[in-house]
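Next come the chains, spelled out residue by residue.
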Amino acid sequence: AQIDHYSKIHGGFLLLQARFRGIRARKVFVARAEVLSQIVRYAKLHAGFIALQSRVRGALARKRLRADESSCDASLQMMERYAKLHAGFITLQARVRGVLVRQRLHAESRASSQMERY
């Protein structure tokens, strides 16, 4: 009878111990699941922020590129305008020098013809 009584008490303690272990295991499992779900949520948010950041950076880079292109276009137009002005100035110089050379030659020929008269 004592053995049966001990067996029942021991079985009860084992059952009680198993239930406490099960409760504790479920709490740990639930806590780990919550931590895991928070990690997954954080990872999704982090990936979303990275995607948003890359889109913003891409838009800013494209905007800077367009600004640089328009700046280059303006610089190119200024360089073309300078080249045209420079070419025009060189042409003007050549014409003035040509006129001056012809005047000098004319003056020299007149001077030599006047010397021949005397």
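Everything discussed here concerns the structure shown above.
This structure is a prediction, so every number in the text was calculated from the model and none was measured.

Parameters at a glance
- Residues numbered from 1 in each chain as written.
- Predicted model: local features only at pLDDT ≥ 70, side-chain atom pairs only at ≥ 80, totals over all residues.
- Heavy atoms only, no water.
- Helix = DSSP H or I, 4+ residues; strand = E, 2+ residues; numbered from the N terminus.
- Rg over C-alpha atoms; globule rule 2.2 N^0.38 Å.
- Buried < 20%, exposed > 50% of the residue type's maximum accessible area, 1.4 Å probe, protein only.
- Areas by Shrake-Rupley, 256 points an atom, 1.4 Å probe, with all protein chains shown as cover.
- Patch = residues over 30% accessible without salt bridge, like charges linked within 9 Å, V, L, I, M, F, W, Y side chains within 5 Å.
- Salt bridge = Lys/Arg side-chain N within 4 Å of Asp/Glu carboxyl O.

Undergrad: Describe in detail the overall build of the protein chain, supporting the description with residues and values.
TA: Secondary structure assignment for the protein chain yields one helix and zero strands. Relative to its length of 118 residues, the protein chain is extended, with a C-alpha radius of gyration of 50 Å against a globular reference of 13 Å. Counting only C-alpha atoms and orienting by the principal axes, one finds that the protein chain spans roughly 170 × 20 × 5 Å. Counting all 118 residues of the protein chain, 3% fall into the buried class. Total accessible area on the protein chain is roughly 11,500 Å²; 64% of this is exposed by carbon and sulfur atoms.

Undergrad: Let's hear about a nonpolar patch on the surface: which residues, and what values?
TA: Taken together, the side chains of I9, F13, L16, F20 and I23 define a hydrophobic patch exposed on the protein surface, amounting to about 490 Å² of accessible area. When you line up the elements, L16 lands in helix α1 (residues 2-117). The exposure class assigned to L16 is partly exposed, which follows from its relative accessible area of 43%.

These figures capture arrangement, not role.
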